[in-house]
Amino acid sequence: MTDQYDPKYKAPEGAHLDGLARVKAIYIHPVKSCGPVEVDRALLTKAGFKYDRSFALATEMPQPEAPTLSEWRFISQRTKPNMALIKTELWLPTKDSNPDDPLVQSGGCVVLTFPDPDMPDWTTRLETLFRTWSLSATPQVSFIVPLQITATQMDRLHMRMKTFRIHSRDAKGLDMGEVPSVASALPKLKKFLRIPKDQSLTLLGCTPDTLVRTDKNLAPLQYIGTPAVHGYTDQQPVNINSLSSVHAVSSLLPPENQPLNAVRFRANIWITNTPAYEEETWKRCRIMPKRAKLRSIEEPRASVAPVLSVVCRTSRCTMPNVNTNTGTFDADIPPPEKKKGKPQPSTTLVEHRTIETGNKAALGYLGMHCVPEDRNLMEAEEQNMGLYVEVGDEIEVLERGVHLYGSTGNDY
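Let us look at the structure shown here. (Residues numbered from 1 in each chain as written. Predicted model: local features only at pLDDT ≥ 70, side-chain atom pairs only at ≥ 80, totals over all residues. Heavy atoms only, no water.)

Topic: unusual backbone geometry
Phase 1 of the analysis: Across the junction of Gln258 and Pro259, the peptide omega takes the value -10°, indicating a cis bond.
Phase 2 of the analysis: Structurally, the position occupied by Pro259 is in the loop between helix H6 (243–250) and strand E16 (269–272).
Phase 3 of the analysis: For the bond running from Gln344 to Pro345, omega is 10°, close enough to zero to count as cis.
Phase 4 of the analysis: Mapped onto the elements of the fold, Pro345 is located in the loop between strand E20 (328–329) and helix H7 (346–352).
Phase 5 of the analysis: A positive phi angle is found at Arg266, which is not glycine, with a value near 55°.
Phase 6 of the analysis: By secondary structure assignment, the location of Arg266 is in the loop between H6 and E16.
Phase 7 of the analysis: We classify Arg266 as buried; its relative accessible area is 12%. (Helix = DSSP H or I, 4+ residues; strand = E, 2+ residues; numbered from the N terminus. Buried < 20%, exposed > 50% of the residue type's maximum accessible area, 1.4 Å probe, protein only.)

Structural notes on the sheet that holds strand E7 (residues 87–91)
Phase 1 of the analysis: The strand order across the open sheet formed by three strands is E7-E8-E9, and the pairing between neighbours is antiparallel. Since the sheet does not close on itself, it has two edges, and those belong to E7 and strand E9 (140–146), each with one partner. Taken over all neighbouring pairs, the strand axes of this sheet differ in orientation by 20° on average, direction set aside.
Phase 2 of the analysis: Bridge count between strand E8 (residues 109–115) and E9: seven bridges; the pairing is antiparallel. Residue pairing across strands places Val111 opposite Ile144, the latter belonging to E9.
Phase 3 of the analysis: Lying on the sheet, helix H4 (residues 180–192) is in contact with E8 and E9; it crosses E9 at an angle near 135°. (Pairing = 2+ DSSP bridges. Axes fitted to C-alpha atoms, helices over the stretch in contact; angles between N-to-C directions. Contact = heavy atoms within 4.5 Å.)

Topic: the nonpolar core
Phase 1 of the analysis: Core analysis: the biggest nonpolar cluster contains 57 residues, and Leu57, Ile86, Met176, Leu189, Leu193, Ile269 and Ile395 have the highest contact counts within it.
Phase 2 of the analysis: Excluding residues within four positions of it along the chain, Leu193 makes contact with Leu57, Ile75, Lys80, Asn82, Met83 and Ile86.
Phase 3 of the analysis: Formed by 19 residues, the second largest nonpolar core is a distinct cluster that contains Met1, Tyr9, Ala262 and Leu366. (Core = buried A, V, L, I, M, F, W, Y, C linked by side-chain atoms within 4.5 Å.)

A few points about H6
Phase 1 of the analysis: Most of H6 is tucked away, with eight of its eight residues classed as buried.
Phase 2 of the analysis: Listed as buried for H6 are Leu243, Ser244, Ser245, Val246, His247, Ala248, Val249 and Ser250.
Phase 3 of the analysis: Contact partners of the buried residues in H6: strand E1 (21–28), strand E15 (238–242), E16, H7 and strand E21 (365–372).

Observations regarding the packing of aromatic side chains
Phase 1 of the analysis: Enumeration over the complete set of coordinates arrives at three aromatic pairs.
Phase 2 of the analysis: Where Phe114 meets Phe143, the ring centres are 6.4 Å apart and the plane angle is 75°; that geometry is what we call edge-to-face. Pair noted here: Phe114 is in strand E8 and Phe143 is in strand E9, with a separation of 29 residues, a long-range link.
Phase 3 of the analysis: On the accessibility criterion, Phe114 (0% relative accessible area) is buried.
Phase 4 of the analysis: With relative accessibility at 5%, the residue Phe143 sits in the buried group.
Phase 5 of the analysis: The rings of Phe114, Phe143 and Phe192 are connected pair by pair, giving a single aromatic cluster.
Phase 6 of the analysis: Positioned above the aromatic ring of Tyr388 is the side chain of Arg41, whose terminal nitrogen or guanidinium carbon lies 3.8 Å from the ring centre.
Phase 7 of the analysis: Its guanidinium or amino end placed over the ring of Tyr223, Arg284 lies 4.0 Å from that ring's centre, counting from NZ or CZ. (Phe/Tyr/Trp six-rings, centres within 6.5 Å; stacked < 30°, edge-to-face > 60°. Lys NZ or Arg CZ within 6 Å of the ring centre and 35° of its normal.)

Observations regarding the pairing of strand E3 (residues 41–45)
Phase 1 of the analysis: In terms of strand pairing, E3 meets strand E22 (residues 388–390) through three bridges, oriented antiparallel. The partner of Arg41 across the bridge, within E22, is Glu390.

Comments concerning the environment of Gln222
Phase 1 of the analysis: In this structure, Gln222 sits in helix H5 (residues 221–224).
Phase 2 of the analysis: Along the chain, Gln222 and Glu373 lie 151 residues apart, while their C-alpha atoms are 9.5 Å from each other.

Some points on the side chain of Arg284
Phase 1 of the analysis: Mapped onto the secondary structure, Arg284 falls in strand E17 (residues 282–288).
Phase 2 of the analysis: For Arg284, a relative accessible area of 12% corresponds to the buried category.
Phase 3 of the analysis: Looking at Arg284, its side chain comes within polar contact range of the side chain of Glu373, at 2.9 Å.
Phase 4 of the analysis: Setting aside anything within four residues of it in sequence, one finds Arg284 in contact with Tyr223, Val307, Leu308, Ser309, Val310, Glu373, Arg375, Glu396, Val397, Leu398 and Glu399. (Polar contact = N/O pair within 3.5 Å; in protein donor to acceptor, adjacent residues only side chain to side chain.)

Next comes the structure, spelled out in structure tokens:
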């Protein structure tokens, strides 16, 4: 996505383009609301892309109706914009990895890195200088989170499941705060996020047992087979967005807020070679492999073209206002009589992209929620291969129609 601002990705609404839409980039967000990982290929599962939103940070909060009681709630860039500065990396074992390595037994790990909130001593400054060759670089804190926890590890570390809130729903997660590498980093992470001392902070991990059914904007069972499930995504398993749509929104912003970084919208699949907002007419689409040969180091890809049911537009919140480079909210330049500018791009999205009334709380709409169809997942399983999506794949639209957020009912 380094060239996302290139004018070649602009395609006005209604423009005629030759060829099919293409997958430009794929993003995984291992920790909900933290920095993403850009990948060349990703494994599609019933619950979305593997490793996407596998973890969530949560704090223990007093309950408004019963101050003596508390509940755990996830935190996000909506209230902690500097979460955008928490970088993530994925390390996955290869066939040559040592099978006795605990991280190999855990299926790999996520590495989280964030700016050190404490004043560095001279040794830390020297280490940072040697790593970055920059006198102004901020020292960083890193820690490792195993992707999977074995039953033996759970017993040894006395790990337990916790119930916590994601928006209006209850979710469950394995408390990773008992893992020594996580436990040692949480105090500094709590300080970096400016969480009050009387609140606890932990990292919760999604497991197969904690997946839940989606409860709104339901995809037709005649296509998807069985009810859609998700872990820590806000609503649906997969999100798709278009660079031309972001370019169109960017052109509407005040000059000081241009260009608009597409990564702010946290999509899984970014597409090109389609007119702005064209994806909003899609009801079903097929992702067709484009690359002829696979590199020998990669897991074989099933000879299956996955189909996604496109269920609704993505109603936006305040998170796209977070500047991912600074971890602060963006606004336009206020007029002389005002002290603060209007939040951007939310103000522009509300004005120009409130194109339906399905979600009264929406700050405009951009992007589409999608659900994988069971048939393709079963075909890949029969081949004993992974159902992958790769950069460069082409997208065939199978069905078009009209979308209205919340119009499909709340029960399968």
